[in-house]
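# Reading the structure
So you can see what is in the structure, the chains are spelled out below.
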Amino acid sequence: MNFKRLIIQFTEAEASAIFSTFVDFLVTALLVEFAGWWYVIATSVGAACGGITNAIINYNWTFKGTEQQKRTILYRYFLVWIGSLILNTAGTTGVANILSHDGTAKAFGIVMESKTIVAILVAIFWNFAMQKRYVYKK
């Protein structure tokens, strides 16, 4: 793959990640602020919704034209997504506890700030790399 195509694919993947993250954050925010859910569970549910959104967009747009069977892609995506879920949930929990003054991240702003930091790192260093090299490999 040439460098230009790699940059285009990376840009498409990150656009997909941004939209999927919006879905993730919206669900998380609604569950924490309006439903009163514990932020760790809300983060996991938000990540699930974002993951489904990302899978659909990346299959149809970013990594289109794959010759693999859908079942293979789904299985591989699920494995990568589990890693992403663990990284996002544990990372958000850890960063939120570090940023909070009392070690219990109860403030909505701290949760969302932590989630943002972790989501960016996971999207770039885990999701794109694993989808490119494992899920949608040719």
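Preceding block: the structure.
Analysis parameters
- Residues numbered from 1 in each chain as written.
- Predicted model: local features only at pLDDT ≥ 70, side-chain atom pairs only at ≥ 80, totals over all residues.
- Heavy atoms only, no water.
- Phe/Tyr/Trp six-rings, centres within 6.5 Å; stacked < 30°, edge-to-face > 60°.
- Buried < 20%, exposed > 50% of the residue type's maximum accessible area, 1.4 Å probe, protein only.
- Lys NZ or Arg CZ within 6 Å of the ring centre and 35° of its normal.
- Salt bridge = Lys/Arg side-chain N within 4 Å of Asp/Glu carboxyl O.
- Helix = DSSP H or I, 4+ residues; strand = E, 2+ residues; numbered from the N terminus.
- Axes fitted to C-alpha atoms, helices over the stretch in contact; angles between N-to-C directions.
- Parallel < 35°, antiparallel > 145°, perpendicular 65-115°, else oblique.
- Left-handed = near helix turned anticlockwise from the far one by under 90°.
- Nonpolar A, V, L, I, M, F, W, Y, C, P; charged D, E, K, R; others polar.
- Polar contact = N/O pair within 3.5 Å; in protein donor to acceptor, adjacent residues only side chain to side chain.
- Contact = heavy atoms within 4.5 Å.
- 1 Å grid on protein atoms, 1.4 Å probe; cavity = no way out; pocket = protein on both sides within 12 Å on 5 of 7 lines; lining within 4 Å.
- Points joined across faces, edges and corners; volume = space filled by probe spheres on them.
- Expected span 1.5 Å × (residues − 1).
- Bend = angle between axes of the 7 residues up to and from the residue.

### Focus on the packing of aromatic side chains
In the structure shown here, the tally under the stated rule is five aromatic pairs. Judged by centre distance (6.3 Å) and plane angle (75°), the ring pair of W38 and Y39 falls under edge-to-face. Residue classification places W38 among the exposed positions, given a relative accessible area of 55%. Chaining the aromatic ring pairs together yields one cluster made of F10, F63, F128 and Y136. Lying across the ring of Y134, R76 places its NZ or CZ 5.0 Å from the centre.

### Some details on the pattern of salt bridges
One pass over the full model with this rule turns up two salt bridges. Among the salt bridges present, the one from R5 reaches E12, with a minimum N-O distance of 3.9 Å. Classification of R5 by relative accessible area gives partly exposed; the value is 26%. For E12, a relative accessible area of 11% corresponds to the buried category. One salt bridge in this structure joins K115 and D24, with 2.8 Å as the shortest N-O distance. Placement of the pair is K115 in helix α4 (residues 108–135) and D24 in helix α1 (residues 3–34), with a sequence separation of 91 residues. Each member of the pair, K115 together with D24, is buried.

### Overview of the packing of helix α3 (residues 70–99) against α4
Put simply, α3 and α4 touch, their axes get as near as 8 Å, and they point 155° apart. Classified by the interaxial angle, the pair formed by α3 and α4 is roughly antiparallel. Note on packing geometry: the crossing formed by α3 with α4 is right-handed. Tallied by class, the residues present in the contact of α3 with α4 amount to 19 nonpolar, eight polar and three charged.

### Brief notes about the side chain of T62
Structurally, the position occupied by T62 is in helix α2 (residues 39–62). A distance of 2.8 Å separates a polar atom in the side chain of T62 from a polar atom in the side chain of N58. Discounting residues that sit within four places of it in the chain, T62 has contacts with R5, Q9, E12, A13, S16 and I57.

### Considering the layout of surface pockets
Of the volumes computed, that of the largest pocket is approximately 170 Å³. Lining the largest pocket, in full, are A55, I56, Y59, N60, K70, I73, L74, Y77 and Y136. Mapped by element, the contributors of at least two residues to the lining of the largest pocket are α2 and α3. Residues belonging to the lining of the largest pocket are distributed by class as follows: seven nonpolar, one polar and one charged.

### Section: the packing of α1 against α2
At a closest axis distance of 7 Å, the pairing of α1 and α2 adopts a crossing angle of 150°. The handedness of the crossing between α1 and α2 comes out as right-handed. In the contact of α1 with α2, the residues fall into 15 nonpolar, 11 polar and three charged.

### Section: α4
For α4, built from 28 residues, the straight-helix expectation of 40 Å at 1.5 Å per residue is missed by more than 12%, its first-to-last C-alpha distance being only 34 Å. Maximum bend of α4: about 40°, positioned at A123.

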